[in-house]
Structures are given as structure tokens and as C-alpha cells.
Amino acid sequence: MAAPVRMVPADIEVLPAAGWVVFGEDVPAAAMARIGHATAEDRVLVIARRGTGRNREVDLASTPVPLDRAVVAFRADLLGRLRPDRDLDPDLALALLVARYLLTAPTGEAAVVPLRTPSAAAPDWQRPERYSVAPARWVELLAELDDVPPWLQHLAVDQLIAYVREDGAVYMTTAALPPEVTGAWHAAAAAILEHVDDEIIRTHPAAGVTDAMRLALLLGLRGRRGHGRVHRRRDAARGLDRVSYLFSGAPPPERVVGTPGPAKVRRVDVLGRDLLGERIVWVPSGADVEVGPDGLVELPPPPAESRVARARRVVRQQRGIAPRVLRDLRIRRRARRHESVERYRDAWLLMDRDNAAQDNAEHLYRHLRAHEPDVNAFFVLADDSPDWPRLRAEDFRLIPFGSDEHFVALLHCAQLASSQVDSYVVNPFRGHLLGPVGFRFTFLQHGVTKHDLSRWLNTKPIDLFVTSTPDEHAAIAGDGSPYVLTDLEVRMTGMARHDRLHRLATGTTERTRLLVMPTWRRELLGAQTRGGNQRELLDSFWTSDYALAWRRFLESDRLRALCDAQGWELDFVPHPNMQEYLDTSPLPAHVTAWRFSEVDIQQLLAEAGALVTDYSSLAIDAAYAERPVVYYHFDRDTFFAGAHLYRRGVWSYERQGYGPIVTTADEVIDALERIAADRGPAPEYARRMQQTFPFRDGQCCARTVAAMREFTPRTEPT
């Protein structure tokens, strides 16, 4: 018979004499109801969490206790004086309380019950106490035990993996933690692992645990030498195999039969320390590769997703699955038609954003049509994009983004090249039942990569990655970089759009504009819509700290006076992700606001007396055109804290930037007044602009096409 379940505050002094208790003040009613149905006298815990699928029993003597964002009910008669640690975040306090509770409770079972909604708030990964106080208490707890039971070892490993997983996430909130905080975590983690058996780490069943996470705990945090399994992936078009393996300490002995190709060692850091390396080497297809057997750590293979499981996942992801299946069947029938096969044979599809052009893909398409007539090129764009009529008038071979024709072309094309690498570009069949992609993907880039985007870009299926400067190339393909790409995939060709920019910049003498072009902020946009780049807007945008910082500058009387004195038109061009906010703009009339689709960005840059930005890669375009730059870093502490995609890389605004760095609106205007007085950038910044770019020859498009041709297979007509 079910016993009563009460929700009580964490600081309660006297517990109910009987029944079950849940610590908290805002536990969902659904969780309380499910827990109530699962209580029984022979159980010592009831755990409600998302993703369990069905009710199940857990033998606490041998099975890991699943606590990720869980609500846990304890038997009041077994708790005694145990309470959650009030100085810790709820998730950390819960894990420690469960550990202490189960060490004193009689052996029994736990019931795990499913929830449809998240059962606890997301943890705050920026609190220093997470990395010092909580791990230190785990060290104290484990040190008191002569024999640590397996379930407790698993629980400790689960806690450590949560830190490693968070630090490896694309939007990593751990990026700005100071060394003293991360250092405390590393010391405590190593001490915790002294009480954990290797087999526990090898077999820990938490979802999403990668080989890198297991090896970081088995080897890296313990200072041991060893290596993981060898992975091999064939690139038939290049006639090469990519061989890779993770290791700790010195690299293991390696022997390749034949001549190895491009190679590197990628660094794998966890919370600011390099714990592992990844050896990556390209070898002739089928060539034998031997890695020293000493120190090999055998890990269980990751579970493979079956076709049935994939189908079920697609069903879960998509509402109205029946119409989607019918559409995919229609697309497949259309793709098998002779006219479709011939139309898209060996095709190159190019696209910038789904809803906008004017980036490297458009420029490369123009080059292909003018100078590479043998390439069967098409341009992909949403047919309601403001750029569609312009490109249609120029006889672009347009394919509407997301249309049946788009998917037919993707099923046949040899190349997809884009300035964007978002999921809607590189994973176009996600949510469909159209099978794996067969095209090769070239990342033309939206700008020169300055920051560390490895946690994001390492997840992308990139066959060719275009770079523009030696420093950028080394930061991505070089030995010791955090990227999985080598000199085989990364080619320094220059950006396609720079060919035209160079012509415009050298042919324009008038400097009639002050160009203001900030980049975007992830937290100021809602979710993506339409399966593309469109995003939901926030009502509070224009009163956000970000908008207010730019308004203080743009609405300044000093700035208006400076522009009048210099004959500058004040042009404000927000990032494409933010430009829809212009519909409700409160900016004064003397500020001319533009969407990218309404103006020729390169012409604006050529006519600019200066560019003001925060972190936009268009500052590098301005430098390529040798136009003065001012960096307005009003939020630099939070920008690099992990909420955005960026993490600081080897590139430095101070050492390699193209203009002064300021933090207030008045300081921006001071810098602009100096630029106006000097009639250009300061000598140090002018020197950097001249020395950064190896290519100002109008051949960036040609070099990019040559690199793409190297690995593009051709098929014979039927």
C-alpha cells in the first residue's frame, strides 16, 4: 500500500514520523503523484526523472543510481538527522544526500519512474562552489570508507562525468572559470578517482558518455599513460583512410605501412587542462597501421542506432509523421526520374543562409558561372528571401530551400558548399527518412575564425574547410590545436567574397560612411523556426544591456557632431540573426538602419571611413579593405563566458586586432575622433592589416574551386 509523500524544505528540523519526504519547494505535481504511486515498504528510494521510459526496479547493491535532474523521495524513518547541504546547489546537495542516506539505510531497492517534463532546474555551472566545495565533500565522504561499494563508485563517477560533459558542450558555461577554481576541481577529481575501480569507469552506463570522457577519468585525471582504440574512416574520393586514437601521456609507438599523409595531434582539454591528445593521421586506403599494444585501454563499443530505433526517433521528433513519410516517398520517386538524375548529375549546390545570400557562396557561384562552365552549379535560397528576386533577375539557377526539388538535388549532388555550417545546412535530412547524405561538404566560412569554435565545428561533417590567413590556418589545422581537422581538409585559399571586396576597396577613394556592425547574442534570440535561420524574437530586446550599450553610442550627440564634421553617414547594420528587431527600432532618424538584403555590404565597407563592431568577423573584411576599425567590447567578460558559441582561442584582439579596444560609448567616440584626425588607422594597426593576408590577388575563388575539385568524384551519364 502506498505511503504518504510530503514535500518539505531543505532546512526542516523535524521530519514526519512516517511516510516519504521530498526536499524542495517547487517539485512538479506530476512528480509527486508518480512518486506516491511507487512507494512501498521494501523500497528505500523512489526516483522520478525524465527519459526512463517505464517504471523499473533498481537493485541498489549493484546498479548505478540515476540522479540526472531527478526528484528523489526518501523514507522519513531512515533519514534520521540527514539533510541536504544548504550551501550547495540542489543537484549537488541531492547527490551527496543520496550517498550518505544509502550508506546508512538497510539494503533494498529503488523504484525509478518516468516524467514527461524536466524534473529539476538546470544546474548553475558558473558557481565556483560547484568546483571546490562539492567535490571536496565527496573526497571526505569516500576517504571515511574502507571499502567503497560499487553503487557509490558509480555515483561518484556520474558526478565527475557531468562536469566533463558540461565543459565539452557547444554552449559551455565553464569557459570563463578562473584557474584557481578549475584547479580545485582537478585536485578533488583526482582524489575521488583514487577510490574508483577502473572497471566502474569502463562500464559506467550513463547516456552520452564518450570514449574521451572515460579516458579522461581513467588516464588523464590520474596522470597515467595509455591509449584508446584505433578508429578508421575511409574517404573513397581521396583514396585515403583517416586513422585516429586518443592517448594520455607520451604518444604510443605507431607504424604505418606506406607513406602517411597529413597528420596532427589534437589537444583535448577539460576545464582548462590538456588531459588527452588525439593522434590523427591520413594513410593510403587499406594500409596497415599498428599502434603499440602496451597501454591499450579496452572500452565497450558505443551502442549503434538501429534502423528501427532511428525510425522511432524520427517519429518522436516530428509531429504529423504520416505526411512527412508520404512526402519523403514522393521525393524519392521524383529523384529516381531520368530527368532528375541528369539535371543534378555531379551538381554543386551552393548556399549562404537559407533566407539570405550576399556571402561567400553567392560570390563563388558567380565565379563558377563565369569561369568554370563545366561545373553543374545551382544556388539554394528560400523563395521568400528578399534576395530571391535580385538573383532570379540575374538568371541564377535557383532552388527553393526546403522544397521537394531541394531534397531531390541533395540526393544527387556531388558537392554542397556554404558559408554557414548550421544543422539545417549540413544535416538537411534530419527528421526525414531519405537515408544518408552522399555529397561532400565545403565550409566556405562566414568570416575568418578568430575564436575557439572547436566544440561546435568538431561535430560538423566538413570535408573541406577554407581559411584565409596563416594564423587562422595554424589555429585550426596545426599540431596541438583543439580541432579534429588536418592540412588535408583545411586549405588556405582566401574567402571567395574577398576578390570583389579587393576590387571595390582599391577603386574607391571617397570615405563617406561610419559603419556600425555588431554581431549577435544567442541569449537575445528564441528558437529557430521553419527548420532554417529564422528565429523567434524577444519583446525585451531593445531594453537589454546589449541594445542599451549600442543605443548609448548611436544616440550620442557627440557622435552625431563627429559624423556631421566628417561628412559621414551613420549606417547601422545589425547581424542577420538580429535584423528583424529593426521593425521596432527606437533609433533616431539620423541613424540609417539597414538589413543585409537592402544594401551591398561590400560597397559599404569600401566607402567606410571606419567600422565600429564588437566581435564581428566583418572587422577582418574591413582590415582586408584597409579601413579603420574600433572594437566596442562593453560585455567582454560575459561574451566569452560560454553562453555564446565562442571560447577564447589563440587569436588575441590586443596582439592581432586591427584597431583599439574600448568598453564605453564615449571611448568609442574618442577612438573615432583620433581616426578622423589621423585620416586612417594608427600605424601599428595599418601594419597588421597589410601583413595579415597572404592573398590580395583576386584569385581566392579560383583557389577554392581547385581545392574542391581535388576530392569531387564524377559519375558517367547513363
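Everything numeric here is computed off the predicted structure, so don't read it as measured data.

Undergrad: Where do I start with the overall build of the chain in this structure?
TA: Tallying secondary structure elements over the chain gives 27 helices and 26 strands in all. Whereas a compact globule of 718 residues would reach a radius of gyration of roughly 27 Å, the chain reaches 29 Å, a difference of no more than 12%. Here the chain holds 718 residues, and the buried ones make up 55% of them. Across the chain, contacts joining residues at least 24 apart in sequence account for 73% of those joining residues at least 6 apart. Just so you have it, the chain exposes about 31,600 Å², and 50% of that area is on carbon and sulfur atoms. Taking the average location of the 90 positive side-chain charges in the chain and that of its 97 negative ones, the two points are 5 Å from each other.

Undergrad: Looking at this model, I keep getting lost on the pairing of strand 8 (residues 231-235). Mind explaining?
TA: Every regular strand shows the same layout, with side chains that alternate between the two sheet faces. Here five bridges tie strand 8 to strand 9 (residues 240-248), and the two strands are oriented antiparallel to one another. Following the sheet pairing, Arg233 is matched in strand 9 by Arg242. Hairpin connection of strand 8 to strand 9: four residues between the antiparallel strands, including Gly239 at a positive phi of 70°.

Undergrad: Just to check I follow, could you spell out the sheet that holds strand 25 (residues 629-632) for this structure?
TA: What links the strands of a sheet is backbone hydrogen bonding, and the strands pair in either a parallel or an antiparallel sense. With parallel pairing, the six strands of this open sheet are ordered in space as 23-22-21-24-25-26. With one partner strand each, in any of the chains shown, strand 23 (591-593) and strand 26 (661-662) form the two edges of the open sheet. Running over the sheet, helix 25 (residues 665-678) touches strand 21 (513-516), strand 24 (608-613), strand 25 and strand 26 and is turned about 170° from strand 25.

Undergrad: Help me understand helix 5 (residues 150-167), please; the structure alone is not making it clear to me.
TA: Its 18 residues give helix 5 an end-to-end C-alpha distance of 26 Å, which sits within 8% of 26 Å, the value for a rise of 1.5 Å per residue. Counting buried positions along helix 5 gives 15 out of 18 residues, so the element sits mostly inside the fold.

Undergrad: Got a minute to help me understand a negative patch on the surface in this structure?
TA: On the surface, Glu41, Asp42, Asp59 and Glu109 cluster together into a negatively charged patch. Along the chain, Asp42 turns up in the loop between helix 1 (29-38) and strand 3 (43-50).

Undergrad: Mind showing me how you'd approach the sheet that holds strand 18 (residues 440-443) here?
TA: Taken in spatial order, the seven strands line up as 16-15-14-17-18-19-20 in an open sheet, and their pairing is parallel. Lying at the two open borders of the sheet, with one neighbouring strand each, are strand 16 (398-400) and strand 20 (490-492). Geometrically, the sheet is characterised by an average inter-axis angle of 25° between neighbouring strands, direction not taken into account. With three bridges joining them, strand 19 (residues 464-467) and strand 20 adopt parallel strand pairing. Paired with Thr467 across the strands is Met492, a residue of strand 20.

How each quantity is defined
Residues numbered from 1 in each chain as written. Predicted model: local features only at pLDDT ≥ 70, side-chain atom pairs only at ≥ 80, totals over all residues. Heavy atoms only, no water. Helix = DSSP H or I, 4+ residues; strand = E, 2+ residues; numbered from the N terminus. Rg over C-alpha atoms; globule rule 2.2 N^0.38 Å. Buried < 20%, exposed > 50% of the residue type's maximum accessible area, 1.4 Å probe, protein only. Contact = heavy atoms within 4.5 Å. Areas by Shrake-Rupley, 256 points an atom, 1.4 Å probe, with all protein chains shown as cover. Lys, Arg positive; Asp, Glu negative; His and termini not counted. Charge placed at Lys NZ, Arg CZ, Asp CG, Glu CD. Pairing = 2+ DSSP bridges. Axes fitted to C-alpha atoms, helices over the stretch in contact; angles between N-to-C directions. Expected span 1.5 Å × (residues − 1). Patch = residues over 30% accessible without salt bridge, like charges linked within 9 Å, V, L, I, M, F, W, Y side chains within 5 Å. Salt bridge = Lys/Arg side-chain N within 4 Å of Asp/Glu carboxyl O.

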